Amino acid sequence: MPICPPSSDSSSPGSGARAWIIHGLALGAAAAAAAAVAYLYRRPGGFRSRAVGIIPARFASSRFEGKPLAPILGKPMIQRTWERVMLASSLDHVVVATDDERIAECCRGFGADVIMTSESCRNGSERCCEALQKLKKHYDIVVNIQGDEPLIEPEIIDGVVMALQRAPDAVFSTAVTSLKPEDASDTNRVKCVIDSQGYAIYFSRGLIPFNK
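Predicted model, so just to flag it, every value in this text is computed and none were measured.

## Some points on the environment of V190
Here is step 1: Secondary-structure assignment places V190 in the loop between β9 (172-177) and β10 (191-194).
Here is step 2: Judged by its relative accessible area of 23%, V190 is partly exposed.
Here is step 3: Sequence spacing of V190 and L207 is 17 residues, and the spatial spacing of their C-alpha atoms is 9.1 Å.

## Here's the deal with the pattern of salt bridges
Here is step 1: Applying the stated criterion across every chain yields a total of 9 salt bridges.
Here is step 2: D148 is the salt-bridge partner of K67, the closest N and O atoms lying 2.9 Å from each other. Of this pair, K67 sits in the loop between β3 (51-57) and β4 (71-72) while D148 sits in the loop between β8 (141-145) and α4 (154-166), placing them 81 residues apart in sequence.
Here is step 3: Residue classification places K67 among the partly exposed positions, given a relative accessible area of 23%.
Here is step 4: Judged by relative accessible area, D148 falls into the partly exposed class, the value being 29%.

## Regarding the environment of T81
Here is step 1: Note that T81 resides in helix α1 (residues 77-85).
Here is step 2: Considered as a pair, T81 and D148 are 67 residues apart in the sequence and their alpha carbons are 6.8 Å apart.
Here is step 3: Those residues within four positions of T81 in sequence are excluded, and the remaining contacts are I55, Q146, G147, D148, E149 and P150.
Here is step 4: One polar contact links the side chain of T81 to the main-chain carbonyl oxygen of G147, over a distance of 2.9 Å.

## Side note on the nonpolar core
Here is step 1: Ranked by internal contacts, the top residues of the largest apolar core, which has 30 residues, are I55, V85, L91, V96, V143, I145 and I157.
Here is step 2: For this core, the secondary-structure elements that each account for two or more residues are β2 (36-40), β3, α1, β6 (93-98), α2 (101-109), β8 and α4.
Here is step 3: Top element by residues in this core is α4. It accounts for 5 residues.
Here is step 4: Discounting chain neighbours no more than four positions away, the residues touching V96 are I55, A57, I78, W82, C107, A112, D113, V114 and I115.
Here is step 5: Formed by 11 residues, the second largest nonpolar core is a distinct cluster that contains V95, C128, L132 and Y139.

## A short note on a nonpolar patch on the surface
Here is step 1: A cluster of nonpolar side chains, namely I201, Y202 and I208, defines an oily patch on the protein surface of about 280 Å² accessible area.
Here is step 2: Relative to the assigned elements, Y202 resides in strand β11 (residues 200-204).

## A word on unusual backbone geometry
Here is step 1: Although it is not a glycine, L73 sits at a positive phi angle of roughly 50 degrees.
Here is step 2: Note on placement: L73 falls in the loop between β4 and β5 (75-76).

## Quick notes on the state of the cysteines
Covalent bonding between the sulfur atoms of two cysteines defines a disulfide.
Here is step 1: A full pass over the atoms with the stated rule returns 0 disulfides.
Here is step 2: Note on C128: no disulfide assigned, nearest cysteine sulfur contributed by C129 at a separation of 8.7 Å.

## Structural notes on helix α3 (residues 124-134)
Here is step 1: Among all positions in α3, only R127, C128, E130, A131 and L132 are buried.
Here is step 2: Where α3 is buried, its residues contact β3, β6, β7 (113-116) and β8.
Here is step 3: A side-chain oxygen of the first residue of α3 lies 3.2 Å from the backbone nitrogen of S125; this N-cap is N123.

## With respect to the packing of aromatic side chains
The relation between two aromatic rings is expressed through the spacing of the ring centres and the mutual angle of the planes.
Here is step 1: For the structure on display, the rule yields 2 aromatic pairs.
Here is step 2: Seen in terms of ring centroids, W82 and F110 are 5.2 Å apart; in terms of plane orientation they differ by 50 degrees. Their pairing is tilted. Here W82 is found in helix α1, whereas its partner F110 is found in the loop between α2 and β7, with 28 residues between them in sequence.
Here is step 3: On the accessibility criterion, F110 (16% relative accessible area) is buried.
Here is step 4: Across from the ring centre of F59, 3.6 Å away, lies the NZ or CZ of R102, which sits over that ring.

Scoring rules and cut-offs
- Residues numbered from 1 in each chain as written.
- Predicted model: local features only at pLDDT ≥ 70, side-chain atom pairs only at ≥ 80, totals over all residues.
- Heavy atoms only, no water.
- Helix = DSSP H or I, 4+ residues; strand = E, 2+ residues; numbered from the N terminus.
- Buried < 20%, exposed > 50% of the residue type's maximum accessible area, 1.4 Å probe, protein only.
- Salt bridge = Lys/Arg side-chain N within 4 Å of Asp/Glu carboxyl O.
- Contact = heavy atoms within 4.5 Å.
- Polar contact = N/O pair within 3.5 Å; in protein donor to acceptor, adjacent residues only side chain to side chain.
- Core = buried A, V, L, I, M, F, W, Y, C linked by side-chain atoms within 4.5 Å.
- Patch = residues over 30% accessible without salt bridge, like charges linked within 9 Å, V, L, I, M, F, W, Y side chains within 5 Å.
- Areas by Shrake-Rupley, 256 points an atom, 1.4 Å probe, with all protein chains shown as cover.
- Disulfide = S-S within 2.5 Å.
- Phe/Tyr/Trp six-rings, centres within 6.5 Å; stacked < 30°, edge-to-face > 60°.
- Lys NZ or Arg CZ within 6 Å of the ring centre and 35° of its normal.

Quick look at the structure:
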């Protein structure tokens, strides 16, 4: 099943367009592509049953320091994100991975499980990896969910998990949506090219092809 639409007609957060799930054969650049990315961790063959959702969150953002704690209608952003993730039916466990005690204290306050990670993590993928190593249980699929997605649809999370469960040759899956013309030159929008089978070919912040 190359392209897996979500189980409902819900639009992806903020995009105004329906999201699709794609999967690929190699890890590489997929980490920055979408709000939710699922990685195969164990069992390259057979059914992949156990899935964990990890929400990486750091305080020292260069563009918006303390963003996970920014209030949104009376709740911090990280709580809004966590509450949406908890609605996903495919996850056996959900944790917040952070290197900041302020974020950790906040998350524990609203009931989230927290794993403390190193300040040396260069990105969310590395933070998820470290958190995974500290978990006591083993999981087949790891879903990396960005902490600044307070409107993420649970169906998108379930979709990326389902894509890995149904495509035994894939090692990651991610959500994509149609690119708006006005977003073509926006480097904050990661572009993805997929083949006719729904497998990812390229990820880039610039147009593909791009004339430097």
